Amino acid sequence: MKFFADTADLDEIRELASMGLLDGVTTNPSLVAKSGGDFKETIAEICKMIPGPVSAEVVALDADGMIAEGRHLAKIASNVTVKVPLTWDGLKACSTLTGEGTMVNVTLCFNANQALLAAKSGATFISPFIGRLDDIGLDGMELIEEIREIYDNYDFRTEILAASIRTVNHVKQAALAGADVSTVPPATLKALVKHPLTDKGLEAFTADWAKTGQKIL
Ligand code: E4P
């Protein structure tokens, strides 16, 4: 499973990229607002750091507007992935932009039929929102499983990008369910390393090593 960082924070992306952990980045208007940076400059900077897909979301609501914005964003760098909402107009924009060779991430997906339409429209990525489904008392992970089954039934090439990931358990479940990508907030990505027995074991090894009075260097 590929890891994308779900953030527009350049410092966080830099650190994760330096460890070779990132296959891509996703942003959305809320994350850009939170970062406080200029949208297009931020996307350009991220694209220089990460060779993989970098999602930049359109804000127009009509297909023509989305297509114009998408073409403009795609000129920033060859790895820009234009993010469009899962609306009728968004699907039109998806079809046009992918036909021009631009990668498209169809976002705000909340059911399997929406995902089917996105794949039929040639989407490069579909973004089912796990956490927001959990928020309203549904099981977000079930949606990943359903989309996986449908895409596999018909050999759709659209990649399932598990989004709205909130917990380390979401990451594990998305991997088990066969998501192609998880886009993960940096704090959650870093939390994947944690286990209390790792900390306890390290504490014991450190204490026992001190008893030997030896040094490696
Ligand atoms: C990424 O593509 C999505 O916009 C993001 O994962 C949404 O996450 P949230 O539901 O925590 O805002």
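To start, this report covers the structure provided alongside it. Since the structure is predicted, the reported quantities are computational estimates derived from the model, not experimental observations.

Looking at the state of the cysteines
Point 1. Counted by the stated rule, this structure contains zero disulfides.
Point 2. Cysteine 47 takes part in no disulfide bond, and the closest cysteine sulfur, belonging to cysteine 94, lies 19 Å away.
Point 3. A relative accessible area of 9% places cysteine 47 in the buried class.
Point 4. Among the cysteines around cysteine 109, which has no disulfide bond, cysteine 94 carries the closest sulfur, lying 12 Å off.
Point 5. Among the residues examined, cysteine 109 registers a relative accessible area of 0% and is labelled buried.

Concerning a negative patch on the surface
Point 1. Negative charge collects at one region of the surface, where Asp134, Asp139, Glu142, Glu145, Glu146 and Glu149 lie side by side.
Point 2. For the negative patch, the element with the highest residue contribution is helix H8 (residues 140-154), accounting for four residues.
Point 3. When you line up the elements, aspartate 134 lands in helix H7 (residues 130-135).

Quick notes on the site of the ligand
Point 1. Around the ligand lies a shell formed by Asp6, Thr26, Asn28, Lys83, Phe129, Arg132, Ala163, Ser164 and Arg166.
Point 2. Take asparagine 28: an N or O atom from its side chain is 2.7 Å from an oxygen atom of the ligand.
Point 3. Between the ligand and the protein, one listed contact pairs an oxygen atom with a side-chain N or O atom of arginine 166 at 3.0 Å.
Point 4. Here the ligand, which alone exposes 350 Å², has 85% of that area covered by the protein.
Point 5. Among the residues making up the shell around the ligand, the classes are represented as two nonpolar, three polar and four charged.

Some thoughts on the sheet that holds strand E8 (residues 181-184)
Point 1. Overall, parallel pairing links the eight strands, which are arranged E1-E2-E3-E4-E5-E6-E7-E8 in a closed barrel. Neighbour to neighbour, the strand axes of the sheet diverge by 30° on average, direction disregarded.
Point 2. Helix H4 (residues 63-74) contacts strand E3 (54-57) and strand E4 (80-85) of the sheet and is inclined by roughly 160° relative to E4.
Point 3. Helix H6 (residues 112-120) rests against strand E5 (103-109) and strand E6 (125-128) of the sheet, and its axis sits at about 165° to E5.

Things to note about the packing of helix H1 (residues 10-18) against helix H3 (residues 39-49)
Point 1. As a packed pair, H1 and H3 sit with axes 10 Å apart at the nearest point and diverge in direction by 5°. Between H1 and H3, the interaxial angle falls into the category roughly parallel. Together, Leu10, Ile13, Arg14 and Ala17 of H1 and Thr42, Glu45, Ile46 and Met49 of H3 make up the contact between the two elements.
Point 2. Within the contact of H1 with H3, the residues separate by chemical class into five nonpolar, one polar and two charged.

Some details on the packing of aromatic side chains
Point 1. Applying the stated criterion to the full structure yields four aromatic pairs.
Point 2. Geometrically, the ring pair formed by tyrosine 154 and phenylalanine 156 is tilted, given 6.2 Å between the ring centres and 50° between the ring planes.
Point 3. Its relative accessible area of 58% is what places tyrosine 154 among the exposed residues.
Point 4. Three or more aromatic residues link up through ring pairs in this structure, and these residues are Tyr151, Tyr154 and Phe156.

Cut-off values and rules
- Residues numbered from 1 in each chain as written.
- Predicted model: local features only at pLDDT ≥ 70, side-chain atom pairs only at ≥ 80, totals over all residues.
- Heavy atoms only, no water.
- Disulfide = S-S within 2.5 Å.
- Buried < 20%, exposed > 50% of the residue type's maximum accessible area, 1.4 Å probe, protein only.
- Patch = residues over 30% accessible without salt bridge, like charges linked within 9 Å, V, L, I, M, F, W, Y side chains within 5 Å.
- Areas by Shrake-Rupley, 256 points an atom, 1.4 Å probe, with all protein chains shown as cover.
- Salt bridge = Lys/Arg side-chain N within 4 Å of Asp/Glu carboxyl O.
- Lys, Arg positive; Asp, Glu negative; His and termini not counted.
- Charge placed at Lys NZ, Arg CZ, Asp CG, Glu CD.
- Helix = DSSP H or I, 4+ residues; strand = E, 2+ residues; numbered from the N terminus.
- Near = heavy atom within 4 Å.
- Polar contact = N/O pair within 3.5 Å; in protein donor to acceptor, adjacent residues only side chain to side chain.
- Nonpolar A, V, L, I, M, F, W, Y, C, P; charged D, E, K, R; others polar.
- Pairing = 2+ DSSP bridges.
- Axes fitted to C-alpha atoms, helices over the stretch in contact; angles between N-to-C directions.
- Contact = heavy atoms within 4.5 Å.
- Parallel < 35°, antiparallel > 145°, perpendicular 65-115°, else oblique.
- Phe/Tyr/Trp six-rings, centres within 6.5 Å; stacked < 30°, edge-to-face > 60°.

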